[in-house]
Amino acid sequence: QAQLVESGGGLVPPGGSLTLSCVASGFSLDHYVIGWFRQAPGKERQGVSLISSSGSETYYRPDVEGRFTISRDNAKNTVYLQMHSLKPEDTAIYYCAAEFESEHTIVAEMSRSDFGSWGQGTQVTVSS
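Residues numbered from 1 in each chain as written. Predicted model: local features only at pLDDT ≥ 70, side-chain atom pairs only at ≥ 80, totals over all residues. Heavy atoms only, no water.

(A) Focus on the overall build of the protein. A count of helical and extended segments in the protein gives 0 helices and 11 strands. Reading the helices (α) and strands (β) of the protein from amino to carboxyl end gives β-β-β-β-β-β-β-β-β-β-β. Relative to a compact globule of 128 residues, whose C-alpha radius of gyration would be 14 Å, the protein shows 14 Å and is just as compact. Each principal axis of the C-alpha atoms in the protein carries an extent, and together these give about 45 × 30 × 25 Å. Counting only contacts in the protein whose residues sit at least 6 apart along the sequence, the fraction spanning at least 24 positions is 60%. Total accessible area computed for the protein in this model is approximately 6,600 Å², and 47% of it derives from carbon and sulfur atoms. Put simply, the protein has 9 plus and 14 minus side-chain charges, and the middle of one group is 9 Å from the middle of the other. (Helix = DSSP H or I, 4+ residues; strand = E, 2+ residues; numbered from the N terminus. Rg over C-alpha atoms; globule rule 2.2 N^0.38 Å. Contact = heavy atoms within 4.5 Å. Areas by Shrake-Rupley, 256 points an atom, 1.4 Å probe, with all protein chains shown as cover. Lys, Arg positive; Asp, Glu negative; His and termini not counted. Charge placed at Lys NZ, Arg CZ, Asp CG, Glu CD.)

(B) Here's a closer look at the pairing of strand S8 (residues 78-83). In the sheet, strand S3 (residues 18-25) pairs with S8 via 6 bridges, with the strands oriented antiparallel. Following the sheet pairing, Leu 18 is matched in S8 by Met 83. Direction of pairing for strand S7 (residues 68-73) relative to S8: antiparallel, over a ladder of 6 bridges. Each bridged residue has a counterpart across the sheet, and for Ser 71 the counterpart in S8 is Tyr 80. A loop of 4 residues connects S7 with S8, the two strands running antiparallel in sequence, and Asn 77 in this loop sits at a positive phi of about 55°. (Pairing = 2+ DSSP bridges.)

(C) Spatial organisation of the state of the cysteines. Scanning the entire structure with this criterion turns up 1 disulfide. Between the sulfur atoms of Cys 22 and its disulfide mate Cys 96 the distance is 2.0 Å. The sign of the S-S torsion, about 70°, decides the handedness of the disulfide formed by Cys 22 and Cys 96: right-handed. Of this pair, Cys 22 sits in strand S3 while Cys 96 is found in strand S9 (residues 92-100), placing the two residues 74 residues apart along the sequence. Cys 96 matches Cys 22 in its accessibility class, with the two residues each being buried. (Disulfide = S-S within 2.5 Å. Buried < 20%, exposed > 50% of the residue type's maximum accessible area, 1.4 Å probe, protein only.)

(D) Main features of the sheet that holds S7. Spatial strand order, S1-S3-S8-S7: 4 strands in an open sheet with antiparallel pairing. On the outer flanks of this sheet lie strand S1 (3-7) and S7, each paired with one strand and no other. Put simply, the sheet's adjacent strands are angled 15° from each other on average, direction ignored. (Axes fitted to C-alpha atoms, helices over the stretch in contact; angles between N-to-C directions.)

(E) Spatial organisation of the side chain of Arg 67. With respect to the secondary-structure elements, Arg 67 resides in the loop between strand S6 (58-60) and S7. A polar side-chain atom of Arg 67 sits 2.8 Å from a polar atom in the side chain of Asp 90. If near-sequence neighbours (up to four positions away) are discounted, Arg 67 is found in contact with Gln 82, Met 83, His 84, Ser 85, Leu 86, Lys 87 and Asp 90. (Polar contact = N/O pair within 3.5 Å; in protein donor to acceptor, adjacent residues only side chain to side chain.)

(F) Geometry of the pairing of S3. Across 5 bridges, the pairing between S1 and S3 is antiparallel. Paired with Leu 4 across the strands is Ala 24, a residue of S3.

Below, the structure written as structure tokens:
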């Protein structure tokens, strides 16, 4: 049974840092695009960052560009989201999601509905 599990969330003051991890079980991530998404109370789930299966392509929404870094270690079946200079507006449940990358996949155009496998999420709270 394929499963994604996020970890690393917590309570952090503004300006602080957290690193989230997404670990796959039941399948290998080495051919999958991974996306990080977040959902704050009362708001729609929004894309945060994407990484191609090889790690050669990464994408960020503008308000996290320069603060967040997505990376992957396929040998460990894990994808990371390093978050720095955190703001209260970053408070949300963070989810990772996976979708197989074919030769026809355009990673830059992928959005929430393109991902078929989702984790349960990890809470990130940025507050003083």
